[in-house]
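# Examining the three-dimensional arrangement
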Amino acid sequence: MAKGYWVASVDVTDPEGYKAYIAENANAFRKYGARFLTRGGPCEMPEGKLRSRVVVIEFPTYSAALECYRSPEYAKAMALREGKSVMDLAIVEGYDSPQPSAS
């Protein structure tokens, strides 16, 4: 079964206030088996445009990724994020098929 991923592009407008969101989202992420792959570290944009932070979170399944976003636990965290950041979020299913072969 393919994993699920949250791919977020975020601008934090109130870093101090955003800390409450980070503390609260841990409850939902723990419950749904989330694991951060990137969390706003250095990023180069050779094409296109993103916000200042890129976050990629891995879930054990695509369903778990969707359930986490729709959960009451994450709704509570989202309310704390309001007015403290602007985020674009995609929830995607991982690719679990053959890769291109090396020639």
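The following paragraphs examine the structure supplied in this document. (Residues numbered from 1 in each chain as written. Predicted model: local features only at pLDDT ≥ 70, side-chain atom pairs only at ≥ 80, totals over all residues. Heavy atoms only, no water.)

So, about the sheet that holds strand 3 (residues 53–59). Here four strands make up an open sheet; going across it, the order is 2-3-1-4 and the pairing antiparallel. Lying at the two open borders of the sheet, with one neighbouring strand each, are strand 2 (35–39) and strand 4 (85–93). Strand-to-strand twist in this sheet, taken as the mean axis angle between neighbours without regard to direction, amounts to 20°. Judged from the four bridges that link them, strand 2 and strand 3 form a sheet pairing that is antiparallel. Bridging from a neighbouring strand, arginine 35 pairs with glutamate 58 of strand 3. This element, helix 1 (residues 15–31), spans strand 1 (4–12), strand 2, strand 3 and strand 4 of the sheet and lies at about 170° to strand 1. (Pairing = 2+ DSSP bridges. Helix = DSSP H or I, 4+ residues; strand = E, 2+ residues; numbered from the N terminus. Axes fitted to C-alpha atoms, helices over the stretch in contact; angles between N-to-C directions. Contact = heavy atoms within 4.5 Å.)

So, on to the side chain of serine 85. Within the fold, serine 85 resides in strand 4. Residue classification places serine 85 among the buried residues on the basis of a relative accessible area of 13%. (Buried < 20%, exposed > 50% of the residue type's maximum accessible area, 1.4 Å probe, protein only.)

A few words on the packing of aromatic side chains. Enumeration over the complete set of coordinates arrives at ten aromatic pairs. Their ring planes at 75° and their centres at 6.2 Å tell us that tyrosine 21 and tyrosine 74 sit as a pair that is edge-to-face. You can see tyrosine 21 sitting in helix 1 and its partner tyrosine 74 sitting in helix 3 (residues 72–81), a full 53 residues away along the chain. According to the relative accessible area criterion, tyrosine 21 is buried, its value standing at 4%. Owing to a relative accessible area of 0%, tyrosine 74 belongs among the buried residues under this scheme. Connected via pairs of aromatic rings, a cluster forms that spans Trp6, Tyr18, Tyr21, Phe29, Phe36, Phe59, Tyr69 and Tyr74. Sitting above the plane of the phenylalanine 36 ring, arginine 39 keeps its charged end 3.9 Å from the centroid. In this structure, arginine 81 packs its charged tip against the face of tyrosine 21, placed 5.4 Å from the ring centre. (Phe/Tyr/Trp six-rings, centres within 6.5 Å; stacked < 30°, edge-to-face > 60°. Lys NZ or Arg CZ within 6 Å of the ring centre and 35° of its normal.)

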